[in-house]
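Here is what each chain is made of, one letter per residue.
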Amino acid sequence: MAKTKLFFLPYAGGSAMSYMIMKRLFDETTFEPVPLELAGRGTRAKESAYTDVNLCVQDLYEKMKPQTIHCDYAIFGHSLGTIVGYELLKYIEEKEDKLPKCVISSGRAAPGIEFPGPIIGGLKDEAFMKKIGMFQALPSEVLNNRKILELVLPVLRADVKMSEQYQYKIRKPAKCDFYIFYGKDDCLVTEEGINCWEDETERKIEITCFPGGHFYFKEYKELFTEKVNKIMTQYVQ
């Protein structure tokens, strides 16, 4: 069987390729890190970004399925990517397809917990970006660069709309392991909201609090990749 794959899903306004700057720190003797790109960004920049999580998930499933025929796999998502990853898992369950060995959910409370911020999708550009900055919902290198901000704005708006329109449905707990990551100083999550992930799986769940804020994995790359490597070692064939 081929090497286990870990699919990376992007955060709002981001590209899955952004995780690949840490590729040299991942243990590629154990697993293969694979960016799973959403429409509207990165290698799919010419496509229209989704505003509906269900359409997004169906699209990602079709992109991912051919890559998992001959190998095991896992899913990592951060922030909006966590919700997309969770719904992707539920879609795979409905299809009765091969489940991931584990899901690593980062920077987001359990899906049944409402996002803590106000509804901002309808705000004008200046007010919209001010709110995004206030909640530290983008990396500092993007927030501090006006040109990059203008480039990501259409995708970011679509992603925010997708997040704001998301509706959680209660379903049976998953039959795969869950690992929950969050930053100690992340203003977008609470310990209570993080602990609610325990209701989402009947298998193993492990919660890890990292130093740093919403983008802790950019601040503490070595700690983050060390933990991911340790997790993935458990699922080597």
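What you see is a predicted model, and the numbers here were worked out from it, not measured in a lab.

Enquirer: How should the environment of Asn144 be read in this particular structure?
Expert: Along the chain, Asn144 falls in the loop between helix H4 (140–143) and helix H5 (146–165). For the pair Asn144 and Gly133, spaced eleven residues apart in sequence, the C-alpha to C-alpha distance is 9.2 Å.

Enquirer: I tried to follow the packing of helix H1 (residues 53–64) against helix H2 (residues 80–95) on my own but got confused; where do I start?
Expert: Working note: a packed helix pair is described by the angle between its axes plus the distance between those axes. Where H1 contacts H2, the axes come no closer than 9 Å and their chain directions differ by 65°. Classified by the angle their axes make, H1 and H2 are roughly perpendicular. The two elements H1 and H2 meet at a crossing, and its hand is right-handed. From H1, Val53, Cys56, Val57, Gln58, Leu60, Tyr61 and Met64 reach across to H2, where they touch Val84, Glu87, Leu88, Tyr91, Ile92 and Lys95.

Enquirer: Whenever I open this one, the sheet that holds strand S6 (residues 205–210) confuses me. Can you help?
Expert: One key point about sheets: their strands pair by backbone hydrogen bonds, in either a parallel or an antiparallel sense. Taking strand neighbours across the sheet as the criterion, the six strands line up as S2-S1-S3-S4-S5-S6 in an open arrangement whose pairing is parallel. One side of each edge strand has no neighbouring strand; the edge strands of this open sheet are strand S2 (31–35) and S6. When strand polarity is set aside, the average angle formed by the axes of neighbouring strands in this sheet is 20°. Bridge count between strand S1 (residues 2–9) and S2: five bridges; the pairing is parallel. Looking across to S2, one finds that Phe8 is bridged to Pro35. Here H2 sits on the sheet in contact with S1, strand S3 (71–78), strand S4 (102–106) and strand S5 (177–183), set at roughly 145° to S3.

Enquirer: Would you mind showing me how to read the pairing of S5 here?
Expert: As a general feature of sheets, a regular strand has side chains that alternate between the two faces. Buried residues dominate S5, accounting for seven of its seven residues. The alternating pattern of S5 places Asp177, Tyr179, Phe181 and Gly183 on one face and Phe178, Ile180 and Tyr182 on the opposite face, and all of these are buried. Pairing of S5 with S6 involves six bridges; the strand directions are parallel. Its bridge partner lying in S6, Gly183 is registered against Phe210.

Enquirer: Any chance you could explain helix H3 (residues 125–134) here in plain terms?
Expert: An α-helix turns once every 3.6 residues. As a result, residues three or four positions apart point the same way. Those residues of H3 not exposed but buried are Phe128, Met129 and Ile132. Projected down its long axis, H3 shows its buried positions confined to an angular sector of 90°, all on one face. Facing away from the buried side of H3 by over 90 degrees, the exposed positions are Glu126 and Lys130. Here the buried face of H3 lies against H4 and H5. Directly beyond the C-terminal end of H3, a positive phi value near 55° is found at Gln136.

Enquirer: For this particular structure, what's the right way to read the nonpolar core?
Expert: Soluble globular proteins: nonpolar side chains tend toward being buried together. Residues Val84 and Leu88 are the most contacted members of the largest nonpolar core, which totals 45 residues. Element by element, the count of residues in this core is highest for H2, at eight residues. Within the second largest apolar cluster, 23 residues are counted, among which are Leu6, Val228, Ile231 and Tyr235.

Enquirer: I would appreciate a short explanation of the pattern of salt bridges in the present structure.
Expert: Working definition: two side chains of opposite charge can pair if their charged atoms are close together. The tally for this structure, following the rule as stated, stands at 13 salt bridges. A salt bridge links Arg44 to Glu47; its shortest N-O distance comes to 2.7 Å. Of the residues examined, Arg44 reaches a relative accessible area of 7% and is grouped as buried. For Glu93, the salt bridge goes to Lys90, with nearest N and O atoms at 3.0 Å. Taken together, the residues span about one helical turn, with Glu93 and Lys90 both in helix H2 at a distance of three residues. Among the residues examined, Glu93 registers a relative accessible area of 24% and is labelled partly exposed. Under the relative-accessibility criterion, Lys90 is labelled buried at 1%.

Definitions and cut-offs
Residues numbered from 1 in each chain as written. Predicted model: local features only at pLDDT ≥ 70, side-chain atom pairs only at ≥ 80, totals over all residues. Heavy atoms only, no water. Helix = DSSP H or I, 4+ residues; strand = E, 2+ residues; numbered from the N terminus. Axes fitted to C-alpha atoms, helices over the stretch in contact; angles between N-to-C directions. Parallel < 35°, antiparallel > 145°, perpendicular 65-115°, else oblique. Left-handed = near helix turned anticlockwise from the far one by under 90°. Contact = heavy atoms within 4.5 Å. Pairing = 2+ DSSP bridges. Buried < 20%, exposed > 50% of the residue type's maximum accessible area, 1.4 Å probe, protein only. Arc of directions from axis to C-beta. Core = buried A, V, L, I, M, F, W, Y, C linked by side-chain atoms within 4.5 Å. Salt bridge = Lys/Arg side-chain N within 4 Å of Asp/Glu carboxyl O.

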